[in-house]
Amino acid sequence: MAVSVDRILRWKQTGQSAQPIAVLTAWDVMSAQIVDAAGADIVLVGDSLAMVALGYDTTLPLTLEDMLICARAVRRGVQNALMVVDLPFLSYQTSVEDAIRAAGGMLKAGAQAVKLEGGHEGVVERVRHLVQWGIPVMGHVGLTPQSVNQFGGFRKQGKTQTEADRILTEAKALEQAGAFSIVLEHIPAELARDITKALSIPTIGIGAGSHCDGQVLVTADVLGLSAWQPPFAKVYANLRQQAIEAAQQFCGEVRSGQYPA
Ligand code: KIV
């Protein structure tokens, strides 16, 4: 049965939380088909695709148009999972109106929800407006990669009590504004546990320990396709090496005349 926002929103209340939510990213039709066939509950068109699929050092250069192209491709590959798309940097920060236009465009491209980074008052206001206009929103606090320059790198967040208190406050504010779930990225496991306990909407962890209601990883990391993986990623296959070897075999066979037979 296809996963809906409503089902994710009610995950904790209906006791479904006994089975954590599995989330994987996708950036094109092939990755989307793989993740959907694997039975992921949510497919996230994360702006990490800027680094994974487009070769940028950060997520910042990604444009709305880049994201729309990827979102449409992913839509064509997903049948059952709930499809959530990241709003790229500078598509929602400038005004509520820009946020509604960007998020609405993603829904027109086939997304069922959008994800915004951060939990300060500006973001919370955007979330409130989007939800009022019928656009479901997933929040994202902790290490928010669009703020990499402010953090001085992709560093773990929430290590001091002040930071931890701020992140908890942000998560509560996002819930209040109507977010249906929240990604907790690269924060201490105890903080993720406290946030998970404090909220009635599901938390989705990445590098945030085992106490969250769900877990997300970047699919290119899971499959061992990316050249580099973050320390918290678990690599389940080594497809990069297998692909190189298959391509090498092809080149060798062409040069030796073995292919075509
Ligand atoms: O962009 C992304 O892939 C993400 C996940 C890592 C949560 O935001």
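Quick note: structure is the one above.
I will try to describe carefully the structure that is included in this document.

Each value, and the rule that gives it
- Residues numbered from 1 in each chain as written.
- Predicted model: local features only at pLDDT ≥ 70, side-chain atom pairs only at ≥ 80, totals over all residues.
- Heavy atoms only, no water.
- 1 Å grid on protein atoms, 1.4 Å probe; cavity = no way out; pocket = protein on both sides within 12 Å on 5 of 7 lines; lining within 4 Å.
- Points joined across faces, edges and corners; volume = space filled by probe spheres on them.
- Nonpolar A, V, L, I, M, F, W, Y, C, P; charged D, E, K, R; others polar.
- Phe/Tyr/Trp six-rings, centres within 6.5 Å; stacked < 30°, edge-to-face > 60°.
- Buried < 20%, exposed > 50% of the residue type's maximum accessible area, 1.4 Å probe, protein only.
- Helix = DSSP H or I, 4+ residues; strand = E, 2+ residues; numbered from the N terminus.
- Pairing = 2+ DSSP bridges.
- Right-handed = clockwise from strand over helix to strand, strands pointing away.
- Salt bridge = Lys/Arg side-chain N within 4 Å of Asp/Glu carboxyl O.
- Expected span 1.5 Å × (residues − 1).

## Looking at empty space enclosed by the protein
To find the voids left in a structure, one rolls a probe of water-molecule size over its atoms. In this structure the tally under the stated criterion is one cavity of 30 Å³ or more. The volume enclosed by the largest cavity comes to roughly 30 Å³. Lining the largest cavity we find Thr25, Ala26, Trp27, Gly46, Ser48, Leu49, Val52 and Val218. Per-class residue counts for the lining of the largest cavity are five nonpolar, three polar and no charged.

## Looking at the packing of aromatic side chains
Applying the stated rule across the entire model yields one aromatic pair. Between the aromatic rings of Phe250 and Tyr259, the centroid separation amounts to 5.8 Å while the plane-to-plane angle is 55 degrees, which identifies the pairing as tilted. Phe250 gets classed as partly exposed once you look at its relative accessible area, which sits at 48%. Tyr259 gets classed as partly exposed once you look at its relative accessible area, which sits at 46%.

## Comments concerning the pairing of strand β1 (residues 21-25)
Among the five residues of β1, four are classified as buried, and the element is accordingly described as predominantly covered. Direction of pairing for β1 relative to strand β8 (residues 214-217): parallel, over a ladder of four bridges. Bridging from a neighbouring strand, Ile21 pairs with Gly214 of β8. Strand direction decides the pairing type here: β1 and strand β2 (residues 42-45), joined by three bridges, are parallel. Across the sheet, the residue bridging to Thr25 is Leu44, located in β2. In the classification by handedness, the crossover that spans β1, the intervening helix α2 (residues 29-37) and the parallel β2 is right-handed.

## Re the pattern of salt bridges
Throughout the structure, instances matching the rule amount to eight salt bridges. In this structure, Arg101 and Glu97 form a salt bridge, with 3.6 Å as the shortest nitrogen-oxygen distance. Here Arg101 pairs with Glu97, and both are found in helix α5 (residues 96-108), just four residues apart, close to one helical turn. A relative accessible area of 56% places Arg101 in the exposed class. For Glu97, a relative accessible area of 53% puts it in the exposed group. Ionic pairing is found between Arg166 and Glu170, a salt bridge with its closest N-O pair at 3.0 Å. In this pair, Arg166 and Glu170 both sit in helix α8 (residues 161-177), four residues apart, roughly one turn of the helix.

## Overview of helix α11 (residues 239-256)
The terminal C-alpha atoms of α11, which comprises 18 residues, lie 25 Å apart, in line with the 26 Å expected from a rise of 1.5 Å per residue. Just past α11, the residue Gly257 takes up positive phi, approximately 85 degrees.

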